[in-house]
Amino acid sequence: MQASEASRAMAVAMSTAASLGLTADDAIVLHDSNKLTLRLLPCDVLARVAPVAYQVAEFELDLARRLAGAGSPVAVPDPRVEPRVHERDGFVVTLWTYYEPVAQDELSPVAFAGALGRLHAGMRTLDVPTPHFTDRIEEAQQLVASRDRTPELADADRRLLDGTLRNLRRAVCGRGAAEQLLHGEPHPGNVLATKDGPLFIDLETCCRGPVEFDLAHAPDEAGEHYPGVDQRLLRECRILVLAMITAWRWDRADQFPDGRRLGTEWLGQIRAALGRDGLDALG
């Protein structure tokens, strides 16, 4: 968020907590992107604040409760207050349990794969209407196709991303793999390493697709410990996901820290990955 917007968001989060009987005299920024994640003190609650137009907060709260009930490793709303979305001053606020973190290096690939497997098992018990994973690919394709939205993307790089997204989308869908509800972006940044084990957060990206699409966001070694994985499909999904997140870094509205440098670095990684798999013609 812009600094002025973030300041207002912090004030809204603190006043919301206070109105619910939680003492919030201070706020520590834990993450700042399209939404602001704050640790409110001394009540020790985690607040997530987003512009009011961001309307998936209710979905995320409901899904977290249902997944927790199914035994899935997910962060849950703070039990001291009613789990609902609070709207104030142009923002929506949700209040979550704050988990004291442990060192991320304690989260081994085996633990990561096991936690993701338990998340997927819980997701298979739910009937939740969500987008298909190809809808997210389509969003990236539209971004690449728009010179107005990606004015700094060079023509050769635009062709590379367009070809990679188009051809790997067709290849992945053509494999006819079983599909289910997925997290959508279970990368390490969306996993909390806690004393009780890994817990997944940020459920608003849920979609339907093959489990390999989720594993493509995880550390490479995790895919070696997830049972029944199609390794060829996983390699294709990894390149596909890399092309998607690279496209987002070239969006003129992207606020990801150091986004342009990462976008350039990832273009090189895409070319290298295509070459390793003999898919050079995709660019």
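Structure shown above.
An account of the accompanying structure is given in this report. Note that the structure is a prediction, hence the values are computed from the model and not measured. (Residues numbered from 1 in each chain as written. Predicted model: local features only at pLDDT ≥ 70, side-chain atom pairs only at ≥ 80, totals over all residues. Heavy atoms only, no water.)

## Overview of the overall build of the protein
So the rule is basically this: Numbered from the N terminus, helices here are DSSP runs of H or I no shorter than four residues, and strands are runs of E no shorter than two. Note on classification: 1.4 Å probe, protein chains only; a residue is buried when its accessible area is under 20% of the maximum for its type, exposed when over 50%, partly exposed between these limits. Note on contacts: a residue pair qualifies if any of its non-hydrogen atoms lie within 4.5 Å across the two residues. Only the protein chains shown count as cover for residues, and the accessible areas themselves come from Shrake-Rupley with a 1.4 Å probe. The charge count treats Lys and Arg as positive and Asp and Glu as negative. His and the chain ends do not count. Think of each charge as sitting on NZ of Lys, CZ of Arg, CG of Asp or CD of Glu.
Assigned secondary structure in the protein consists of eight helices and nine strands. In terms of overall dimensions, the protein has a C-alpha envelope of 60 × 40 × 35 Å along the principal axes. Out of the 283 residues in the protein, the part that is buried amounts to 51%. Sequence separation of at least 24 residues holds for 67% of the intrachain contacts in the protein that already meet a minimum separation of 6. Summing over all exposed atoms, the protein offers an accessible surface of approximately 13000 Å²; the carbon and sulfur share of this is 51%. Between the centroid of the 31 positive side chains of the protein and the centroid of its 42 negative side chains there is a distance of 4 Å.

## Some thoughts on the packing of helix 7 (residues 231-249) against helix 8 (residues 259-276)
The relative placement of two packed helices is expressed as an angle between their axes plus a distance between the axes. Convention followed: With axes taken as lines fitted to C-alpha atoms, and helix axes fitted only over the stretch in contact, angles between N-to-C directions fall between 0 and 180 degrees. An angle below 35 degrees is read as roughly parallel, one above 145 as roughly antiparallel, one from 65 to 115 as roughly perpendicular, and any other as oblique. It is the rotation of the near helix from the far one that decides the hand of a crossing: anticlockwise by less than a right angle makes it left-handed, clockwise makes it right-handed.
One can describe the packing of helix 7 onto helix 8 by two numbers: an axis separation of 9 Å at closest approach and a directional angle of 155°. Looking at the two axes, helix 7 sits roughly antiparallel to helix 8. Where helix 7 crosses over helix 8, the handedness of that crossing is left-handed. Within the contact between the two elements, helix 7 uses Ile239, Leu242, Ala243, Ile245, Thr246 and Arg249 and helix 8 uses Gly259, Arg260, Gly263, Trp266, Leu267, Gln269, Ile270, Ala273 and Leu274.

## Let's talk about the sheet that holds strand 4 (residues 86-88)
Rule in force here: A pair of strands counts as paired when DSSP detects no fewer than two bridges linking them.
Strand order in this open sheet of five strands is 1-2-3-5-4, and the pairing throughout is antiparallel. The open sheet has two edge strands, strand 1 (24-32) and strand 4, and neither has a second partner. Pairs of neighbouring strands in the sheet enclose a mean axial angle of 30°, with direction left out of account. Where strand 2 (residues 36-42) and strand 3 (residues 45-51) come together, five bridges link them in antiparallel fashion. The partner of Arg39 across the bridge, within strand 3, is Leu46. Docked against the sheet, helix 2 (residues 57-69) engages strand 3 and strand 5 (91-97), running at close to 15° with respect to strand 5.

## Points about unusual backbone geometry
Here the bond from Leu41 into Pro42 is cis, since omega is 10°, no more than 30 degrees from zero. Along the polypeptide, Pro42 turns up in strand 2. A positive phi is found at Asp44, a non-glycine position, where the angle reads about 55°. With respect to the secondary-structure elements, Asp44 resides in the loop between strand 2 and strand 3. On the accessibility criterion, Asp44 (28% relative accessible area) is partly exposed. Unusually for a residue other than glycine, Asp258 sits at a positive phi of about 60°. By the element assignment, Asp258 lies in the loop between helix 7 and helix 8.

## Section: the side chain of Arg249
Summarising the element assignment, Arg249 is placed in helix 7. Overall, the relative accessible area of 9% leaves Arg249 in the buried class. Apart from residues no more than four positions distant in its own chain, Arg249 is found in contact with Asp254, Phe256, Gly259, Arg260, Gly263 and Trp266.

## Describing the nonpolar core
Put simply, the rule reads: Put simply, a nonpolar core is a bunch of buried Ala, Val, Leu, Ile, Met, Phe, Trp, Tyr and Cys residues held in one set by side-chain atoms that sit within 4.5 Å of each other.
Leu67, Leu161, Leu165, Phe213 and Met244 are the most contacted members of the largest nonpolar core, which has 65 residues in total. In terms of residues, this core owes the most to one element, helix 7, which gives eleven residues. Not counting residues within four places of it along the chain, the set of residues in contact with Leu161 comprises Val144, Leu153, Ala243, Thr246, Ala247, Leu267 and Ile270. Leu36, Val49, Phe91 and Val93 belong to the second largest nonpolar core, which has 19 residues in total.

## Some thoughts on the pairing of strand 1
Looking at chain direction, strand 1 and strand 2 are connected through seven bridges and run antiparallel. Bridge pairing in strand 2 places Ala24 opposite Pro42. Connecting strand 1 to the next strand, strand 2, in antiparallel fashion are three residues.

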